[in-house]
Amino acid sequence: MAVESSAPAAVERIHRLDRIWAERPGLTGWITTTDHKRIGLLYLATSLAFFAAGGAEALVMRTQLAEPKEHVIGPATYDQLMTMHGVTMIFFFVIPLSIGAFGNYLVPLMIGARDMAFPRMNAFSYWLFLGSGVLVYTSLLLGMAPDAGWFDYVPLASRRFSPGLGIDFYALGLILNGISSTAAAANFLVTIAKLRAPGMSLNRMPLFCYAILATAFSLIFALPALTADLVFLELDRKLDFRFFDVAHGGDPLLWQHLFWIFGHPEVYIIVLPAFGIATSIIPTFTRRMMAAFPLVAVAELLVAFIGFGVWVHHMFATGLPQMTMVFFAAASLIIVIPSGIQIFAWCMTLVTGQPEFKTPLLFIVGFIVFFVFGGLSGITLAAVPFDQQVTDTYYVVAHFHYVIWGAAVFPLLGGLYYWFPKVTGRMYHERIGQLTFWLVFAGTNLTFFPMHISGMDGMPRRVWTYPSGLGWGLTNLLSTIGAFLLAGGLVALLVNLVVSAYRGAPAGPNPYGGATLEWATTSPPPPYNFAVIPQVTSAYASWDEDDRASDRRRLEHGDLVLEEGHRTTASTPVDGHLDGVLHMPSESPWPFVLGVVATLGTAFVLTDHYLIAALTAALAAGVLTLWHAKEPAEA
Amino acid sequence: MTTTPIPRARPNGWYGMLVLVATESALFGALLATYAYLHFHDPRWPPPGIEPPSITAPLVLSLVLVATIAPMALAARTARRRRAGPLVAPIALALIVQVAYLAFQAHLYADDLDRFSAGGSAYGSIYFTLLAVHHAHVGVGVLLDCWLLARVRGGLTEYRRGAVMAIALYWYFVGLVGLAVTATILIPSW
């Protein structure tokens, strides 16, 4: 039940909604579901499984590097693990967790909608993501994983120097993954533009949704550069095209340009949802609205925009013209401005509010520390001469782990705690939660801080071992100890959440007095999210008690309950005026089937069965026809 | 009180197509930029032994494809206004022209493949890739048209209305991007 009410008319309406929105039970229900919350949970479970795999890869590498001349694994295995660690953490963990899990679960709830704009495409995004992950991980099980680094530079990645199937697994898997992310991003853009609750004009939209909006924009415009690059690579490798072959007029730097035109916006794609989570958690635990709300909203969008103009700073050591490098160094430094606006806004909100340092807020404070630190080492790297000095050393590894692990993932961990009561209806264990924060915080610093020193002392990245007598032993040993401490903290975090899911105290709809609309419904929310579509008059809708009381009255009158079928409201994109009522599609097996067919088709291309792959494409067209056979209004 | 007003704004499907068009534009942007990048790095463009493409046929063909925007726009207008009007006939007309366009282009493509290979030079690689991606977009559009015709013969519903508007938008994009592709491959011919 989404709104507490004992009036008979209201109870009857809620029963009707329960019947309309019920999905199939059991495993079939999970396969055919179009409920954004269940899809979000599927993303959560899958991305955490990949996180465990990527983490295990990291621990094996750290064990190998603990001391000079170790022989835990050989160089070939090390290269595979290093590549898989990067690919996994970026494409199969952080993005699916932040956009797929948090975005999916929360955006419709925060904007007061009953589902995403395209529920079946949402399911398809998930199944395709799963297919791409299974495909890429098959290579590791077969012992032929990609081994040219996550950025996969040619000519190393060309067929001449990487003759196995590893690079093909990488390229084709990431093309599938990119299609999945594009579909998800399109879904978020339309959902945010069209499905906001009546009254939620753009200036009343929660900042988390701004962050997801900025991320989705970046994905839409950044991913095609990667897709084109990967297609060129596969054409070169499989059909002897010459995109990257200098002898025939091609250019290896073309790969790097296209890769980083995608790759730098990608950094902001990773970190923006984290900003959004920070702006959700801070107001709740400081009991005040975000300082400089409009500036933070604009800064989130601006970071995404400027992120498209800085890619060459990954290529300062490739011999580009001085003028080009100066331009891109300047552009890279400008990012400091929108980032600074956000940092100051977070700090001001903390300082001027009444902060209560519960576990989620602790993770956000940790995030601010890491973001400032990683940002400062980022400024040193934007200086061309310094960058050329430390390129390809552990200093760079230290920098991007502070940013991507410390700044991007800490809010995700805080978010896991923060929304845990909403998803499960139970509270996590607060003291163990705080303990896990300190373990993970200490582990992160112990792992990644010494890497700055290893790098300054000249230790190159991507080496499987190193000789003794160079002074790298101590810092590497500290990093390895830190990595295991970090892993221990993460295991404790997982245990806390799993045990609390069964034994935690009941949470109620709004255990922390949260401000956004997801706290206005029950924990966990019903399949239709809200028994009555909320009407919104501010960005902190759950703090507007009059509005929520009016929701309860409207439920009794049946105003915008939409109890005639799978329905939700549509609003105008800017002002959020009620524009109409939409028939939403319901559960369907076809997104799953299409995901399987697309993955199989890609596997056939991978193994050079082009005719069968073409037949699979025809089959996919058939599946799409069946998918659209029934119109939502007929269901 | 159960009011179900009819939406006045454009349907979600149209917005979805707008985003698809945006991301596909970025894809073509990457391909066209690659053409320019490789061109700037190789003064012999096209390399010796390859004739620059002839101007007339590609130019006329892409103008014909752009012209199919008109009937698609007509059908989209009928759908948008939710009134009786030309719908099936303009889509069918556009479909016939688009199929003819695709067949003619496939013929030219095969001819080009006889003259030089994609694997012989970076020029050949980007030339054939760029055209193939464009033709694939036309092919997908043709399939969408066939599906749409089968649907709208039974009349317009809210769902089909969105489909007509979205698929028309797709064709505006494919037509205009076709012009950009043609202008790019003809650079060495001017």
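For the structure itself, consult the block above.
Residues numbered from 1 in each chain as written. Chains lettered and ligands numbered in written order. Predicted model: local features only at pLDDT ≥ 70, side-chain atom pairs only at ≥ 80, totals over all residues.

**Some words on the overall build of chain A**
Here comes step 1: Each helix and strand in chain A was counted, giving 19 helices and 2 strands.
Here comes step 2: Taken over the C-alpha trace, chain A has a radius of gyration of 25 Å; the compact-globule value for 635 residues is 26 Å, and the two agree within 12%.
Here comes step 3: Looking at chain A as a whole, 57% of its 635 residues qualify as buried.
Here comes step 4: When contacts within chain A are restricted to residue pairs at least 6 apart in sequence, long-range pairs at least 24 apart make up 81% of them. (Helix = DSSP H or I, 4+ residues; strand = E, 2+ residues; numbered from the N terminus. Rg over C-alpha atoms; globule rule 2.2 N^0.38 Å. Buried ≥ 20, exposed ≤ 12 C-beta atoms within 10 Å, placed from the backbone. Contact = placed C-beta atoms within 7 Å.)

**Side note on the interface of chain B and chain A**
Here comes step 1: If you look at the interface, chain B gives 37 residues, while chain A gives 41 residues.
Here comes step 2: Those elements that provide at least two residues to the side of chain B that touches chain A are α1 (12-41), α5 (122-152) and α6 (158-185) of chain B.
Here comes step 3: When residues in the side of chain B that touches chain A are grouped by element, the largest group, 15 residues, is from α1(B).
Here comes step 4: Classifying every residue of the side of chain B that touches chain A gives 22 nonpolar, 12 polar and 3 charged. (Nonpolar A, V, L, I, M, F, W, Y, C, P; charged D, E, K, R; others polar.)

**Looking at the pairing of strand β2 (residues 578-583) of chain A**
All names here are of chain A.
Here comes step 1: Sheet analysis places strand β1 (residues 567-571) next to β2, joined by 5 bridges and oriented antiparallel. By the bridge assignment, Thr 569 is partnered in β2 with Val 581.
Here comes step 2: Linking β1 to β2, which pair antiparallel, is a turn of 6 residues; within it Gly 576 sits at a positive phi near 70 degrees. (Pairing = 2+ DSSP bridges.)

**As for the environment of Gly124(B)**
Here comes step 1: Structurally, the position occupied by Gly124(B) is in helix α5.
Here comes step 2: Residue classification places Gly124(B) among the buried positions, given that 23 C-beta atoms sit within 10 Å.

**A closer look at unusual backbone geometry**
Here comes step 1: Omega for the bond connecting Val154(A) with Pro155(A) falls within 30 degrees of zero, at 0 degrees, which places this linkage in the cis form.
Here comes step 2: Geometrically, the link from Trp45(B) to Pro46(B) is a cis peptide bond, its omega value of -5 degrees lying close to zero.
Here comes step 3: In this structure, Pro46(B) sits in the loop between α1 and α2 (56-67).
Here comes step 4: Its identity is not glycine, yet Asp152(A) carries a phi of approximately 55 degrees, on the positive side.
Here comes step 5: Structurally, Asp152(A) is set in the loop between α5 (119-141) and α6 (166-194).

**Focus on the packing of helix α3 (residues 36-65) of chain A against α5(A)**
Residues and elements named next belong to chain A.
Here comes step 1: Remark: α3 packs on α5, axes separated minimally by 10 Å, with the N-to-C direction vectors making an angle of 15 degrees. As far as their axial angle goes, α5 and α3 are roughly parallel. The two elements α3 and α5 meet at a crossing, and its hand is left-handed. Between α3, through His 36, Ile 39, Leu 42, Tyr 43, Thr 46 and Phe 50, and α5, the contact on the second element is made entirely by Pro 119, Asn 122, Ala 123, Tyr 126, Leu 130 and Gly 133. (Axes fitted to C-alpha atoms, helices over the stretch in contact; angles between N-to-C directions. Parallel < 35°, antiparallel > 145°, perpendicular 65-115°, else oblique. Left-handed = near helix turned anticlockwise from the far one by under 90°.)

**Some details on the environment of Arg196(A)**
Residue and element names in this part refer to chain A.
Here comes step 1: Within the secondary structure, Arg 196 is located in the loop between α6 and α7 (207-239).
Here comes step 2: Overall, the presence of 28 C-beta atoms within 10 Å leaves Arg 196 in the buried class.
Here comes step 3: C-alpha of Arg 196 to C-alpha of Val 536: the two residues are 340 residues apart in sequence and 9.4 Å apart in space.

**So, helix α11 (residues 336-352) of chain A**
Residues and elements named next belong to chain A.
Here comes step 1: In a regular helix each residue adds 1.5 Å, so 17 residues correspond to 24 Å; α11 covers 23 Å between its end C-alpha atoms and thus fits that length.
Here comes step 2: Restricting attention to buried positions, one finds in α11 the residues Pro 338, Ser 339, Gln 342, Ala 345, Trp 346, Thr 349 and Leu 350. End-on, the buried residues of α11 take up no more than an arc of 130 degrees, which puts them together on one face. Looking at α11, the residues exposed on the side facing more than 90 degrees away from the buried face are Ile 337, Val 351 and Thr 352. (Expected span 1.5 Å × (residues − 1). Arc of directions from axis to C-beta.)

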